[in-house]
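So the chains spell out like this:
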Amino acid sequence: GIYEYINVTKTGSNGSVGLIQLNRPKALNALCNGLVNEVGQALDILEADSSVGAIVITGSEKAFAAGADIKEMANKTYSETYSENFTQNWARVSTVRKPVLAAVNGFALGGGCELAMMCDIIYAGETAKFGQPEILLGVLPGVGGTQRLTRAIGKSKAMEIVLTGNQVPAQEAEKMGLVSKIFPVDQLVNETVKIAEKIASNSQLANAAAKECVNVAFETTLTEGLHFEKRMFHGCFATKDQKEGMAAFIEKRKANFTNE
Ligand code: HXC
């Protein structure tokens, strides 16, 4: 294939789900620059493919990703990190407009946990472990860990995870609300793909608009957010998919969305 560090397939009915599997087993999917660039390329392709309605990112049963590549970054200087805007390429994951689901088995540490948090929904296998161990390396979570984690689970839990570097088992992560659901390890990817398939059968326009609205909740005041939501809701009435979705309900049949 064209990729060195990942596998990309289309799965689900009619290939409606794009599946990105991080595949750098010898380094527990440590997120080297090349891997992150490949994820960005794959996302560009899946985003542009109108037959894809949702995307799943997963790793192996041992590791979703054990973090940024420590060996690659150990000798960087401040001026290098600053001038190359180190980690800028990670942002692609958070700008995807289609729904992105993380299926996390094994370690999701440091940048691995942060990558999962850039996704819209996190599902975990029973033995998954989350953590932000950067503090143990003399640094701090640099791609959203201090921000997304705090918004997801609140200050005291986020401080505990960021300041101790301790690993959090899947069950605890679910209780905190970081993880939506837990599945048996060997069923995680299938179950996540099934949910992605269901999401992909919605109107892609409605999915993208709903995702945009939920994300606005993190960026603005309640009044502004409600205003934005109401306008986006009004906007839905300009789509054929709204007419189709509501007609299908009234006619007691399945909707056939065309993303128009
Ligand atoms: C580079 C890594 C790596 C990493 C593991 N490896 N994690 N290489 N960067 N983040 C490599 C190991 O060096 C080793 O290579 C191989 O993968 C297997 O790892 P082991 O440690 O032997 O496995 P195990 O004993 O099972 O322990 C698993 C582990 C441990 C607990 C996950 O590997 C670990 O603590 N990894 C680092 C976790 C971490 O600190 N992550 C945060 C990184 S900083 P060899 O060649 O020896 O076999 C970060 C910053 C993000 O993410 C923000 C800026 C981008």
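Bear in mind that the values here come from a model prediction, so they are computed numbers and not experimental data. (Residues numbered from 1 in each chain as written. Predicted model: local features only at pLDDT ≥ 70, side-chain atom pairs only at ≥ 80, totals over all residues. Heavy atoms only, no water.)

1. Here's the deal with the pairing of strand β5 (residues 100-104)
So, step 1. In terms of burial, β5 is largely enclosed, as five of its five residues are buried.
So, step 2. Because side chains alternate across β5, one face comprises the buried residues Val 100, Ala 102 and Val 104, and the other comprises Leu 101 and Ala 103, equally buried.
So, step 3. Across four bridges, the pairing between strand β3 (residues 54-58) and β5 is parallel. By the bridge assignment, Ile 55 is partnered in β5 with Val 100.
So, step 4. Bridge count for β5 against strand β7 (residues 121-125) is four bridges, and the pairing is parallel. In the strand pairing of β7, Leu 101 is matched with Ile 121. (Buried < 20%, exposed > 50% of the residue type's maximum accessible area, 1.4 Å probe, protein only. Helix = DSSP H or I, 4+ residues; strand = E, 2+ residues; numbered from the N terminus. Pairing = 2+ DSSP bridges.)

2. A word on the packing of helix α5 (residues 111-118) against helix α6 (residues 145-153)
So, step 1. Running from N to C, α5 and α6 point in directions that differ by 55 degrees, and their axes come no closer than 10 Å. Put simply, α5 runs oblique to α6. Crossing angle aside, the handedness with which α5 passes α6 is left-handed. Residues Glu 114, Met 117 and Met 118 of α5 form the contact with α6, whose own contacting residues are Gly 145, Arg 148 and Leu 149.
So, step 2. For the contact of α5 with α6, a count of residues per class yields three nonpolar, one polar and two charged. (Axes fitted to C-alpha atoms, helices over the stretch in contact; angles between N-to-C directions. Parallel < 35°, antiparallel > 145°, perpendicular 65-115°, else oblique. Left-handed = near helix turned anticlockwise from the far one by under 90°. Contact = heavy atoms within 4.5 Å. Nonpolar A, V, L, I, M, F, W, Y, C, P; charged D, E, K, R; others polar.)

3. Remarks on the site of the ligand
So, step 1. In the vicinity of the ligand, 24 residues are found, and the nearest of them are Ala 66, Ala 68, Ile 70, Lys 71 and Gly 111.
So, step 2. Here an oxygen atom of the ligand and a side-chain polar atom of Lys 62 are 3.1 Å apart.
So, step 3. Protein chains bury 65% of the 1,000 Å² of accessible surface belonging to the ligand in isolation.
So, step 4. Listed by contribution, the elements that provide at least two residues to the shell around the ligand are α2 (70-73), β6 (107-109) and α5.
So, step 5. It is α2 that provides the largest number of residues to the shell around the ligand, a total of three residues. (Near = heavy atom within 4 Å. Polar contact = N/O pair within 3.5 Å; in protein donor to acceptor, adjacent residues only side chain to side chain. Areas by Shrake-Rupley, 256 points an atom, 1.4 Å probe, with all protein chains shown as cover.)

4. A short note on the nonpolar core
As a rule of thumb, nonpolar side chains are buried together in soluble globular proteins.
So, step 1. By size, the foremost hydrophobic cluster in this structure holds 47 residues, and its most contacted members are Leu 22 and Phe 130.
So, step 2. For this core, the element with the highest residue contribution is helix α1 (residues 33-48), accounting for six residues.
So, step 3. Residues Phe 183, Leu 188, Val 193 and Ala 200 belong to the second largest nonpolar core, which totals 13 residues. (Core = buried A, V, L, I, M, F, W, Y, C linked by side-chain atoms within 4.5 Å.)

5. What to know about the sheet that holds strand β9 (residues 168-169)
So, step 1. What the four strands build is an open sheet, ordered β4-β6-β8-β9; its pairing is mixed. Pairing within the sheet leaves two strands with one partner each, and these edge strands are β4 (63-65) and β9.
So, step 2. Judged from the two bridges that link them, β4 and β6 form a sheet pairing that is parallel. Residue pairing across strands places Ala 63 opposite Phe 107, the latter belonging to β6.
So, step 3. Relative to the sheet, α5 contacts β4, β6 and β8 (129-131), its axis offset from that of β6 by approximately 90 degrees.

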